[in-house]
Amino acid sequence: MNQISRDELRSYMQQYNVDYSIGDLTPTICALHGVPEPADCGGTPIAEVVDQAQHLADGEGNIRRTLIYCPDACGDIQRQKFPELFSRVEKLAGMRFLSSAVMASVTPVCYATIFSGASPEVHGTQRYDKRRIEIPTLFDVFADAGKSVAIVAVNNCSIDTIFRKRKVDYYSTRDDAIAHRITRRLIAQDEYDVIVSYYTSYDHLSHHFGGYSKIAEAALTTAVEYFEELVADVDRYWKQYPRAVVWTPDHGNHVIGEEHSAHGKNIPEDMLVNHCYRLRAAEL
Ligand SMILES: [Zn+2]
């Protein structure tokens, strides 16, 4: 455990009066799979998730397959604006944790924290910068434990670039629809312990047309539909395993003017997100 990371993550939790941080994702997934957390982690495994997993896990107490779905910029303010859409996610997931992001609340900074458990001061990316991060991540500790991991994301997005040079299979696609199709195929082929699947369209269209525009809302609807399809695939093709699906956004956004949205500020619209967990037992 890294104390600098812990203190920095907790400073945002205290500022927003929440019990969870986006830095809790990696130690939670490590705990579910029985893998040691990365050395610079300052997050905490979410007790409710770990406790539920222990009731339904395998003989060694482990979850065997996890899908981590990453819808960019689908934060808590989006949940407030589009409650029907988010209720579909929460109905499937069952567990929701209101969590604080980190500063700057932009994609590479937040996903570096999400997948390392380290704070920005420790992982080193403190502004919009898509250079590779070098500290140990979820991907390193899973590879060291002999686990197989895939990352599916559009070309040159943050998730596609900042975790390179690991023992991971990188599926780099032209758009979200292809990324979604590949994710579905990978679940069906069942060659990975963990699959990360990223969705960029809501964030992208929010920047151009505003986060509450019809076109952005349509992209958010697609994010939810993709999540529903992936949950159904996981239940179909991974049913012989104790398994997890996680809804894992990085930050929210705020409206500037009438036709654009942005993020990166230390304000609730940008800094509060919900991470949602769905756990299921093996069906024999
Ligand atoms: Zn983002």
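For the structure, see preceding data.
## Some remarks on the overall build of the protein chain
Then comes step 1: A tally of helices and strands in the protein chain yields 13 helices and 10 strands.
Then comes step 2: With respect to the three principal axes, the spread of C-alpha positions in the protein chain is 55 × 40 × 35 Å.
Then comes step 3: Here the protein chain, with 284 residues, has 55% of them falling under the buried criterion.
Then comes step 4: Contacts spanning at least 24 positions in sequence make up 70% of the contacts within the protein chain whose residues lie at least 6 apart.

## Here's the deal with the sheet that holds strand E2 (residues 65-71)
Then comes step 1: The sheet built from 8 strands is open, its strands ordered E1-E3-E10-E7-E2-E6-E4-E5 with mixed pairing. Every other strand in the sheet has two partners, leaving strand E1 (20-21) and strand E5 (169-173) as the edge strands with one partner each.
Then comes step 2: Alignment of strand E7 (residues 243-247) against strand E10 (residues 272-280), held across 5 bridges, turns out to be antiparallel. When the sheet's bridge partners are listed, Arg243 is paired in E10 with Arg280.
Then comes step 3: Each of strand E3 (95-100) and E10 is contacted by helix H3 (residues 47-56), which is oriented at about 10° to E10, the strand it contacts most.

## Topic: the pairing of E7
The two faces of the sheet receive side chains in turn, since in a regular strand these alternate between them.
Then comes step 1: Burial of E7 is extensive: 5 of the 5 residues sit out of reach of the surface.
Then comes step 2: Relative to E7, E2 runs parallel, the two sharing 5 bridges. Directly across from Arg65, in E7, lies its bridge partner Arg243.

## Description of unusual backbone geometry
In most cases, non-glycine residues show a negative phi, while peptide bonds are predominantly trans.
Then comes step 1: A cis geometry characterises the amide bond from Met103 onward to Ala104, with omega recorded as -5°.
Then comes step 2: Turning to its location among the elements, Ala104 is positioned in the loop between E3 and helix H6 (107-114).
Then comes step 3: The residue Lys165 is not glycine, and still its phi comes out positive at about 65°.
Then comes step 4: Counting through the fold element by element, Lys165 comes out in the loop between helix H9 (158-161) and E5.
Then comes step 5: Its 9 C-beta neighbours within 10 Å are what place Lys165 among the exposed residues.

## Let's talk about the pairing of E10
Then comes step 1: Most of E10 sits out of view: 8 of its 9 residues are buried.
Then comes step 2: Strand direction decides the pairing type here: E3 and E10, joined by 6 bridges, are antiparallel. Bridged to Ser100 within E10 is Leu272.

## Details of the packing of helix H2 (residues 25-33) against H3
A packed helix pair is summarised by two numbers, namely the angle formed by the two axes and the spacing between the axes.
Then comes step 1: Remark: H2 packs on H3, axes separated minimally by 10 Å, with the N-to-C direction vectors making an angle of 15°. Regarding the angle of H2 to H3, the classification is roughly parallel. You can see that H2 and H3 cross each other, and the crossing is right-handed. For the pair H2 and H3, the contacting residues are Thr28, Ala31 and Leu32 in the first and Val49, Val50 and Ala53 in the second.

## Overview of the nonpolar core
Then comes step 1: Of all hydrophobic cores here, the largest spans 83 residues; its most connected members are Tyr69, Ile159, Val196, Tyr198 and Ala223.
Then comes step 2: Broken down by element, this core gets its largest block of residues, 9 residues, from helix H12 (residues 214-237).
Then comes step 3: Once residues lying within four places of it in the same chain are set aside, the contact partners of Ala223 are Pro71, Cys74, Tyr199 and Tyr202.

Definitions and cut-offs
- Each chain carries its own residue numbering, running from 1 in the written order of its sequence.
- For this predicted model, a pLDDT threshold of at least 70 governs which residues receive local features, and a threshold of 80 or more governs which side-chain atom pairs are given and counted, while totals over whole chains, interfaces and linings are taken from all residues.
- By the criteria applied, helices consist of DSSP H or I runs no shorter than four residues and strands consist of E runs no shorter than two, each listed in order from the N terminus.
- In this scheme every C-beta is placed from the backbone, and a residue whose C-beta has 20 or more other C-beta atoms within 10 Å is buried, one with 12 or fewer is exposed, and one in between is partly exposed.
- Residue pairs are scored as contacts if the distance between their C-beta atoms, which are placed from the backbone, is within 7 Å.
- At least two DSSP bridges between two strands are required for those strands to pair.
- Angles run from 0 to 180 degrees between N-to-C directions of axes, and those axes are lines fitted to C-alpha atoms, restricted for helices to the stretch in contact.
- In what follows, roughly perpendicular refers to angles from 65 to 115 degrees, roughly parallel to angles under 35, roughly antiparallel to angles over 145, and oblique to any angle outside these ranges.
- Less than a right angle of anticlockwise turn of the near helix away from the far helix marks a crossing as left-handed, whereas a clockwise turn marks it as right-handed.
- For the purposes of this analysis, a nonpolar core is taken to be any set of buried Ala, Val, Leu, Ile, Met, Phe, Trp, Tyr and Cys residues that are connected through C-beta atoms within 7 Å.

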